[in-house]
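Residues per chain are reported as follows:
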Amino acid sequence: MKHTVQKFVLFGATGDLSQRMVWPSLYHLCREKLVPPTLTFVGSARHAMPNEEFRKFVEAALRKHVAAEYLKEDALQDLLTRVTYAPFQAGDGSAAGTEALQKALAGNNKVLYFMATSPKFYGPTCLSLAAAGLACEYCRVILEKPIGTDLASSFEINEAVGRVFNEDRIFRIDHYLGKEAVQNLLALRFANSLFEPLWNASAIDNVQITVGETVGLEGRTGYYDESGALRDMVQNHMLQLVALVAMEPPHLFEPNEVRNEKTKVIRSLRPISAATAAANTVRGQYAAGNSGGNAVPGYNQEPGAKGTSDTETFVAVRAEIDNWRWAGVPFYLRTGKRMQSRRTDIAIQFKTVPHNIFAADEPTLQANRLVIRLQPQESVTLQILSKQPGLEGVRLREVPLELSLPKDESGGRTRIAYERLLLDALKGNTTLFVRRDEVEAAWHWIDGIQTSWKSTRQTVKPYPAGTWGPTAAIALTERHGHSWYE
Ligand code: BG6
């Protein structure tokens, strides 16, 4: 099904995601000549707008969101000459409201559509495209997360989109899969023989995944209040990381081989029920505090907030994977807004040595730990114990073995995760996109937690902005003799 896409249509072309991520990514792909010069772009949103005005809008977004050192006037003008605008109303899934887009596509049938709109429009938009004859067998569609707000709504969206596009032409984005460090995790696991024999319950004590953000709501109160951290971050990004850490080696690095293995992991997550939710999950919400040296308001005092919301801005979960490889190994997940620092990492905590021969000098030995850091800087570090130089006894200290590429070899600019994903979608490669059964399995597990919270009335615990969440999150690990890696 490889073919060269000729038109890229962006629905929601004036929205926040498009301005911050999609247009800048397209700009870099064009600037670096990674896409053919014949590829053209159609921006689309509900209201009418002349082409010139839209080009000015895209230009302003690029000037704001592309770092000055990469903003080249000739590359900018080249992209803008390839951009046009077509209003589009998906209303009832009929062809009405598609006329401008039909005209802009002018019979072209090699189109990649990107839905950067509210997910409730995905189904109607696809049905309208089909009704207008704009969804031929060569067309593909990219769907931004979230695919729904629970299993039922995600099923409905997948059904509607699936009526128009075959699964191999649907590209569900989870932008974490476009991050270099996430793909490097696959290389680390499956291109080195060193780790695989240890990558299981015999050698690993626990796994911790932290996605800490210092930002608050960033003006997204409406969306966030309906979502919360569990649906916004755990259902997608964090479960993807769990799947990549825990999956079996796929037979090949190919779309269905990789996604089969990831899906098996998500399906093996032990359900969290009303009886186990309180012991295995923590919901938190930031109160007023300090972020980056500035006083910041609490969640309920944010501009536009309802004032009494129980939405969680922090969640910690002790997850377990019920299969042979991972039996008994807890996966601790935590994510939150207004955390102490911006930090995303995966810490693989190995077991301590079975017997300490240095007990006279060092009564406790720190276990080895492999830390894969995604943000703010990518790195892979293996913590080992080493003898401190000296003549007396054996004093030990933790030494980090740096396994990352030296800075000057890592390619300079940190790419936007969307660049890789857009390029793969243009090439028709779905390996780094989420398959329908995978997304539904994730919602199934998340729905279990959400329902349990509701039935047990698990309300949010406050934490001061600028900290690592409620103290209950510390207790979540300590109850089991573990502690969060800081
Ligand atoms: C998005 C969430 O999917 O991911 C945001 O909706 C969150 O709430 C963002 O801030 C985090 O992405 P990153 O790449 O900055 O870790």
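As a reminder, the structure under discussion sits directly above these lines.
What you see is a predicted model; the values in this text were computed from it and never measured. (Residues numbered from 1 in each chain as written. Predicted model: local features only at pLDDT ≥ 70, side-chain atom pairs only at ≥ 80, totals over all residues. Heavy atoms only, no water.)

1. Describing the site of the ligand
Stage number 1. Close contacts around the ligand come from K145, H175, Y176, K179, E213, R220, D232, M233, H237, K337, R342 and Q375, and that covers them all.
Stage number 2. The separation between an oxygen atom of the ligand and a polar side-chain atom of E213 is 2.5 Å.
Stage number 3. With respect to the ligand, the side chain of H237 contributes an N or O atom lying 2.7 Å from an oxygen atom.
Stage number 4. It is helix α8 (residues 221-246) that contributes the most residues to the shell around the ligand, three residues altogether. (Near = heavy atom within 4 Å. Polar contact = N/O pair within 3.5 Å; in protein donor to acceptor, adjacent residues only side chain to side chain. Helix = DSSP H or I, 4+ residues; strand = E, 2+ residues; numbered from the N terminus.)

2. With respect to the pairing of strand β13 (residues 343-350)
Stage number 1. Most of β13 sits out of view: eight of its eight residues are buried.
Stage number 2. The alternating pattern of β13 places R343, D345, A347 and Q349 and T344, I346, I348 and F350 on opposite faces, both of which are buried.
Stage number 3. Pairing of strand β7 (residues 204-212) with β13 involves eight bridges; the strand directions are antiparallel. Each residue of the ladder has a partner; that of I209, found in β13, is I346.
Stage number 4. Bridge count for β13 against strand β14 (residues 369-375) is six bridges, and the pairing is antiparallel. (Buried < 20%, exposed > 50% of the residue type's maximum accessible area, 1.4 Å probe, protein only. Pairing = 2+ DSSP bridges.)

3. As for the environment of R397
Stage number 1. Inspection of the secondary structure assignment puts R397 in strand β16 (residues 396-402).
Stage number 2. Its relative accessible area of 41% is what places R397 among the partly exposed residues.
Stage number 3. In contact with R397, not counting residues within four places along its chain, are I384, L385, S386, Q388 and P389. (Contact = heavy atoms within 4.5 Å.)

4. Looking at the pattern of salt bridges
Opposite charge on two side chains makes pairing possible when the charged atoms of those side chains draw close.
Stage number 1. Inspection of every chain in the model, using the stated rule, returns 35 salt bridges.
Stage number 2. Here R189 ties to E196 by a salt bridge, and the two come within 3.5 Å at their closest N and O atoms.
Stage number 3. Here E196 falls in the partly exposed class, since its relative accessible area comes to 23%.
Stage number 4. A salt bridge links R318 to E320; the shortest N-O distance between them is 3.2 Å.
Stage number 5. Assessed through its relative accessible area of 16%, E320 is described here as buried.
Stage number 6. Each of R31, E32, R413, R415 and E419 takes part in a single network of salt bridges with overlapping partners. (Salt bridge = Lys/Arg side-chain N within 4 Å of Asp/Glu carboxyl O.)

5. Topic: the pairing of strand β2 (residues 40-44)
Stage number 1. Burial analysis of β2 places four of its five residues in the buried class, which makes it a mostly covered element.
Stage number 2. You can see the chain leave strand β1 (residues 7-11), run along helix α1 (residues 16-31) and come back into β2, and the turn it takes is right-handed.
Stage number 3. Pairing analysis gives three bridges linking β2 to strand β3 (residues 83-85), with the strands arranged parallel. Residue pairing in the sheet places V42 in a bridge with T84 of β3. (Right-handed = clockwise from strand over helix to strand, strands pointing away.)

6. Some points on the environment of L101
Stage number 1. Among the structural elements, L101 can be located in helix α4 (residues 99-105).
Stage number 2. The exposure class assigned to L101 is buried, which follows from its relative accessible area of 0%.
Stage number 3. Note: C-alpha distance between L101 and P87 (14 residues apart in sequence) is 6.9 Å.
Stage number 4. L101 has contacts with V9, F11, V42, A86, P87, F88, Y113, L129 and L134, leaving out every residue within four places of it along the chain.

7. What to know about unusual backbone geometry
Stage number 1. Residues K145 and P146 are joined by a peptide bond in cis, for which omega reads 0°.
Stage number 2. Inspection of the secondary structure assignment puts P146 in the loop between β5 (140-143) and α6 (151-164).
Stage number 3. Despite not being glycine, R338 shows a phi value in the positive range, around 55°.
Stage number 4. You can see R338 is positioned in the loop between β12 (330-336) and β13.

8. As for the packing of aromatic side chains
Stage number 1. For the structure on display, the rule yields 16 aromatic pairs.
Stage number 2. In textbook terms, an aromatic cluster arises when at least three aromatic residues are bridged by ring pairs, as seen for F8, W23, F41, F54, F57, Y85 and F114.
Stage number 3. One cation-aromatic arrangement involves K110 over Y138; the distance from NZ or CZ to the ring centre is 5.7 Å.
Stage number 4. The aromatic ring of W468 is capped on one face by R334, whose charged end is 4.8 Å from the ring centroid. (Phe/Tyr/Trp six-rings, centres within 6.5 Å; stacked < 30°, edge-to-face > 60°. Lys NZ or Arg CZ within 6 Å of the ring centre and 35° of its normal.)

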